[in-house]
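Overview (structure and organization)
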Amino acid sequence: MIEKIKGNKLLSFLFDAIATSIAGIIIWPLLDYFLFNSIDNRQFTYSVTEHVIAPIIFGFIFAGLSTLVFMRKNQ
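Residues numbered from 1 in each chain as written. Predicted model: local features only at pLDDT ≥ 70, side-chain atom pairs only at ≥ 80, totals over all residues. Heavy atoms only, no water.

**With respect to the overall build of the protein**
Secondary structure assignment for the protein yields three helices and zero strands. Secondary structure elements in the protein, listed N-terminal to C-terminal, are α-α-α. Within the span of the protein, comprising 75 residues, buried residues form 20% of the whole. Partitioning the intrachain contacts of the protein with sequence separation of at least 6 by distance along the chain shows that 53% fall at a separation of at least 24. (Helix = DSSP H or I, 4+ residues; strand = E, 2+ residues; numbered from the N terminus. Buried < 20%, exposed > 50% of the residue type's maximum accessible area, 1.4 Å probe, protein only. Contact = heavy atoms within 4.5 Å.)

**Observations regarding the side chain of Thr20**
Mapping Thr20 onto the fold places it in helix H2 (residues 9-40). At 2.7 Å, the side chain of Thr20 and the backbone oxygen of Asp16 are in polar contact. Once residues within four sequence positions are removed from consideration, Thr20 is found in contact with Phe58, Gly59 and Phe62. (Polar contact = N/O pair within 3.5 Å; in protein donor to acceptor, adjacent residues only side chain to side chain.)

**Thoughts on the environment of Ile18**
Its place among the elements puts Ile18 in helix H2. Spatially, the C-alpha atoms of Ile18 and Gly59 are 6.8 Å apart, while their sequence positions differ by 41 residues.

**Comments concerning the packing of aromatic side chains**
Considering all chains together, one arrives at four aromatic pairs under this definition. A ring pair is formed by Tyr33 and Phe44, whose centres lie 5.6 Å apart and whose planes are at 90°; its orientation type is edge-to-face. Placement of Tyr33 in helix H2 and of Phe44 in the loop between H2 and helix H3 (48-74) is noted, with a sequence separation of 11 residues between them. A connected cluster of aromatic rings, assembled from ring pairs, spans Tyr33, Phe36 and Phe44. (Phe/Tyr/Trp six-rings, centres within 6.5 Å; stacked < 30°, edge-to-face > 60°.)

**Focus on H2**
Along H2, the helix axis deviates most sharply at Gly24, where the bend reaches about 25°. Phi turns positive, to about 55°, at Asn41, one or two residues after H2. (Bend = angle between axes of the 7 residues up to and from the residue.)

**What about the side chain of Ser21?**
On the secondary structure map, Ser21 appears in helix H2. A polar contact of 2.7 Å, which involves the side chain of Ser21, links it to the backbone oxygen of Ala17. Once residues lying within four places of it in the same chain are set aside, the contact partners of Ser21 are Pro55, Ile56, Gly59 and Phe60.

And the structure:
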């Protein structure tokens, strides 16, 4: 299964994008909560735009850039 993902650039891109997006959706609100409560002493409010959509966009941009960089390195 892993060889199939590594061999196909589209599957590799999608896997990287989804993995980065899921990690961002989990880690970003936790960091935001920690920073708001401990450093700024403000109340944390969860925002779908900031805590879900932004990590998904970042995941796809990061996967696209990393795919381009590794594609050029391998050629």
